[in-house]
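Chain and residue survey
Each chain is listed here by its residues.
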Amino acid sequence: MKDLIPYIKGPSRYLGNEINTIHKDLNKIEVKFALCFPDLYEVGMSHLGLQILYYILNQDPRIAAERVFAPDIDMEKKLRKYNIPLCTLESNIPLKDCDIVGFSLQHELCFTNVLNILNLGHIPLYSRQRNENHPLIIGGGPISVNPEPISPFLDGFIVGDGEEVILEIVNVYLSWKKEGGKREELLKDLTKIPGFYLPFAFYPRYHLDGTIKEIEELLPHYHKVKRQIIKDLDSAPFPTFPIIPYNKPIHDRLSIEVTRGCTHGCRFCQAGFIYRPVRERSPQKIFKLIEESIKNTGYEEVSLLSLSIGDYCPLKDFLPSLMDELSSKEVALSLPSLRVGTIDKEIMEQISRVRRTGFTFAPEAATQQLRNRINKKIKEEDLFKTAEEIFAKKWPSLKLYFMIGLPGETEEDIKAIAELAKQLAKLGRYKYQITVSLSTFVPKPHTPFQWEHQISIQESQEKIKFLRKMAWRYGFRIRWHAPEQSFLEGIFSRGDRRLHEVILRAWLKGARFDGWRDKFKFELWKAAFEDARLNPYFYLVERSKDEILPWEKIDIGVNIEFLWQERLKSQQGEITSDCRFGTCHQCGVCDFKNVSPIIHKGEKFDLTLEKSQGELEKHKYRLTFSKIDNARFFSHLELINIFHRAFRRAGLKLVYSKGFHPLPRISFALALPVGVESLIETVDVEVYGKYDEGDLLGKINPHLPQGLHITHAMEVPLETTLCPPSTQRFIIDFSPIGLNREKIKEFYKKESFVWQKLRNQKVKQVDLKKLVKYIKEKKNEKIEVALYMPPEGSIKITEAISTIFSLKEEDIARLQILKVGIEM
Ligand code: SF4
């Protein structure tokens, strides 16, 4: 698979040698474990759960855990064209040769990607088609609380916190492998692990109206699968050296999980029920994790993860000390998932000390009546008070999430969304950007709303249309989640096993990346439902209390009667308080022996973070470096990030610009095209403190990825600017495609040799005769080219070569182009 890297978009995503990756000697391990994320690399690498499992598994010397992401469309085409199997990133192991393949299943719109990964990995799609020679295929993540629609494709699912059981699964697998048993025996053995759901141990039968008649239990000891719960986050394993992607992932920052679980009890929110109870990590532990992780990654932003960070009990006490330390290191703090009412002036002041981004809140409903029904305990006056403070602090934007189609919603509730946004826009005197983000309510399993109906696509569209009109009139921005995508989410979220056929047919028709609006093709899904003769609307109707639901055999800990009572309370507009701050409502999750809420309230703690140095004198260093081998695939933007974080990991105290978004004072002489190697690149960096030039090399080089190496460092005056060279010299090896000498002759013969390209809707045209100083033939099908770089701009070496030799992009990718010299 690695051989395809030169020919695809975003090649750095497939290299597999990012900083902090783990490469083991495959001859010395017993289990090859593929951790699959069924979405693009940029999404998967933003997911903390994947990094946690990668760390836990690789801590064990018997296991090599390696990553696999859904290949982008261009990579898929190439894999199919050359019949190359999809492989792991680290050691290029074909998926079919792994022992265990584990999928992280975060949402319902990743199902076709799961099938695609299995198929590209040369693994039969259905569990029943696989034998002892195939890997064990398991899944985990929130989808596991109702995996039925996708269950025929996987062998089993982990329900609950994966950290608890992942190694037990490996142990059972290894014993089975040593004993050489049948595949069915392995699957049966796995059912002894608490939290392991084996779909084929249950057999659903249906009534004529399509509802479930019964779910037969096929194994004598196996009745219900209980969700596994990490008791205490402080003792849970957490990686302080996470992998740092080369390119920009969706969340390009260090993520530290501060709390797991939330007991606000918002009745639509699945996370609020399937991750109970609240377990807070202690402030000391958080400090320690942040300190170590920043050292090991060089990240310039930390995000404190929680379902509702404002509710983290020690937040106010530890934020000032944490920010003292972070701001001295130019590390920004982000607090996603803030709740109105939990953020005040002090918190705002603290987080604005390094960088300011926008604020996001999720009122979900715009009237008190509807908020009471969904148990969203926020008040309008708190929202206005917070907004006032945000505007007073001149934060750039405010984003509000609302749901449409909630149970009990009236026309007034929809109008109130527009009214609320209008008042906020007015409060900010129309100077601040107010964005309303809409999504259609999807009833989720294991919530009090699991019995509710979901509105149709048309109803969603009408509500969105109305609010778009209001947005235009009242001066706020509006964004919305596609109703067609919510429609599918609704079907699969409460779906049953019969839906596997729809998933298969949609995938065969070409459905991929259904969570991406630009790639989502609803017509394929409509056709897939028709072909499978299943009525999609059946899955969106209201369910009765006595109906057997597809997730009947999965016990997340919250008892069904509690959920039903919550539904009734919703109809009465009655609120249920958050148990973390008072009364236990006996939802059923805690036994108060092994599982109970963990809150760090009123505890004393010492801040023991390492103190940074005081202010030192500024110095500027010019570094010459080579960029060869796999480093040739780094884009210029990636290179900036790589150097920035390598300098930070090396312990250099960088100089930053002032303002809302401080940037490091790092500048490169030139941007090298992706795929071109160089022995002579230059970067200037400003730092506090003086360094011996030789020491600087020894300090930085160990923190650079393979292929990047600083060869020379010298101090330059602070006021010096880095000028691009006037000429660059390249050696180009044509041996893979053969050197066409006629083209060189033709070039020399012509008076002018025009290259042109459409850039920013303008035709750029240059005469190559003025830019290419010479083309000299060397030994072994190689040539040397000198490219002039006039101040008004030049072209890339790849553009010059493809024009002179009339080459296609694929041919250029096969050449070895090495920059060997410059003239100033
Ligand atoms: S059992 Fe009580 S304390 Fe535990 S999560 Fe449920 S309501 Fe909260």
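Residues numbered from 1 in each chain as written. Predicted model: local features only at pLDDT ≥ 70, side-chain atom pairs only at ≥ 80, totals over all residues. Heavy atoms only, no water.

- An unreviewed UniProt entry annotates the protein as TIGR03960 family B12-binding radical SAM protein of Desulfofervidus auxilii.

1. A closer look at the overall build of the protein
- The secondary structure content of the protein amounts to 24 helices and 30 strands.
- Taking 28 Å as the expected radius of gyration for a compact globule of 824 residues, we find that the protein reaches 29 Å, a close match to that expectation.
- Taking the principal axes of the C-alpha coordinates as reference, the protein spans close to 85 × 65 × 55 Å.
- For the protein, with 824 residues in total, the buried portion stands at 58%.
- Within the protein, residue pairs in contact and separated by at least 24 positions form 77% of the contacts whose partners lie at least 6 positions apart.
- Within the structure as shown, the protein displays about 34,900 Å² of accessible surface, and the carbon and sulfur contribution to it stands at 50%. (Helix = DSSP H or I, 4+ residues; strand = E, 2+ residues; numbered from the N terminus. Rg over C-alpha atoms; globule rule 2.2 N^0.38 Å. Buried < 20%, exposed > 50% of the residue type's maximum accessible area, 1.4 Å probe, protein only. Contact = heavy atoms within 4.5 Å. Areas by Shrake-Rupley, 256 points an atom, 1.4 Å probe, with all protein chains shown as cover.)

2. Details of helix 18 (residues 560-571)
- The end-to-end C-alpha distance of helix 18, which contains 12 residues, comes to 17 Å, matching closely the 16 Å that a straight helix rising 1.5 Å per residue would cover.
- The complete set of buried residues in helix 18 reads Phe-562, Leu-563, Trp-564, Glu-566, Arg-567 and Ser-570.
- Looking at the packing, one finds that the buried side of helix 18 touches helix 7 (271-274) and helix 11 (368-374).
- Looking one or two residues beyond helix 18, the residue adopting positive phi is Gly-573, at roughly 70°. (Expected span 1.5 Å × (residues − 1).)

3. Overview of the domain arrangement of the protein
- Partitioning the protein into structural domains gives domain 1 (2-226), domain 2 (253-494 + 543-581), domain 3 (618-716) and domain 4 (727-823).
- Computed from C-alpha coordinates alone, the two centres of domain 2 and domain 4 are separated by 54 Å. (Domains from an automatic or database assignment.)

4. Looking at the packing of helix 15 (residues 483-493) against helix 17 (residues 522-532)
- With their axes 10 Å apart at the nearest point, helix 15 and helix 17 run at an angle of 35° to one another. The two elements helix 15 and helix 17 meet at a crossing, and its hand is left-handed. Across from Glu-484, Phe-487, Leu-488, Ile-491 and Phe-492 in helix 15, the residues of helix 17 making contact are Phe-522, Trp-525 and Phe-529. (Axes fitted to C-alpha atoms, helices over the stretch in contact; angles between N-to-C directions. Left-handed = near helix turned anticlockwise from the far one by under 90°.)

5. Observations concerning the site of the ligand
- Inspection of the region around the ligand gives 13 residues, with Cys-579, Cys-584, His-585, Cys-587 and Cys-590 positioned closest.
- For the shell around the ligand, the per-class residue count stands at 8 nonpolar, 4 polar and 1 charged. (Near = heavy atom within 4 Å. Nonpolar A, V, L, I, M, F, W, Y, C, P; charged D, E, K, R; others polar.)

6. Some remarks on the sheet that holds strand 14 (residues 332-334)
- Across the sheet, 3 strands lie side by side as 10-13-14; this open sheet has parallel pairing. Strands at the two margins of the open sheet, each flanked by one partner only, are strand 10 (254-257) and strand 14. Within this sheet the neighbouring strands show an average axis-to-axis angle of 25°, counted without direction.
- Alignment of strand 10 against strand 13 (residues 301-305), held across 4 bridges, turns out to be parallel. (Pairing = 2+ DSSP bridges.)

7. Re a negative patch on the surface
- A contiguous patch of negative charge on the surface is contributed by Glu-132, Glu-179, Glu-184 and Glu-185.
- Mapping Glu-185 onto the fold places it in helix 6 (residues 183-190). (Patch = residues over 30% accessible without salt bridge, like charges linked within 9 Å, V, L, I, M, F, W, Y side chains within 5 Å. Salt bridge = Lys/Arg side-chain N within 4 Å of Asp/Glu carboxyl O. Lys, Arg positive; Asp, Glu negative; His and termini not counted. Charge placed at Lys NZ, Arg CZ, Asp CG, Glu CD.)

8. Regarding the side chain of Asn-17
- Structurally, the position occupied by Asn-17 is in the segment before strand 1 (31-37).
- Separated by 2.8 Å, the side chains of Asn-17 and Tyr-246 make a polar contact. (Polar contact = N/O pair within 3.5 Å; in protein donor to acceptor, adjacent residues only side chain to side chain.)

9. Re the pairing of strand 29 (residues 782-788)
- Within strand 29, 5 of the 7 residues are buried, leaving the element largely enclosed by the surrounding structure.
- Taken together, the 7 bridges between strand 25 (residues 727-733) and strand 29 define a ladder with antiparallel strand orientation. When the bridges of strand 29 are listed, Ile-732 appears paired with Ile-783.
- Relative to strand 29, strand 28 (residues 772-777) runs antiparallel, the two being bridged by 5 bridges. What sits directly across from Glu-777, in strand 29, is Ile-783.
- Connecting strand 28 to the antiparallel partner strand 29 that follows it, the hairpin turn spans 4 residues, and Asn-780 within it adopts a positive phi of roughly 55°.

10. Some remarks on unusual backbone geometry
- Cis geometry marks the peptide bond from Arg-276 to Pro-277; its omega dihedral reads -10°.
- If you trace the backbone, Pro-277 turns up in the loop between helix 7 and strand 12 (279-280).
- Here the phi dihedral of Asn-83 falls at roughly 55°; this positive angle occurs in a residue that is not glycine.
- Notably, Gln-586 is not glycine yet its phi reads approximately 55°, a positive angle.

11. Digging into helix 23 (residues 797-804)
- Helix 23 sits mainly inside the fold: 7 of its 8 residues count as buried.
- Listing the buried residues of helix 23 in full gives Ile-797, Thr-798, Glu-799, Ala-800, Ile-801, Ser-802 and Ile-804.
- Residue Ser-806 follows helix 23 closely and has a positive phi angle near 45°.

12. So, the nonpolar core
- Ranked by internal contacts, the top residues of the largest apolar core, which has 213 residues, are Phe-33 and Leu-304.
- It is helix 13 (residues 411-427) that contributes the most residues to this core, 8 residues altogether.
- For Phe-33, the residues in contact, after removing those within four places along its chain, are Leu-57, Ile-63, Ala-64, Ala-65, Glu-66, Ile-100, Gly-102, Ile-138, Ile-166 and Val-170.
- In terms of nonpolar packing, the next biggest core, distinct from the first, is built from 29 residues, Phe-730, Leu-739, Ile-795 and Phe-805 among them. (Core = buried A, V, L, I, M, F, W, Y, C linked by side-chain atoms within 4.5 Å.)

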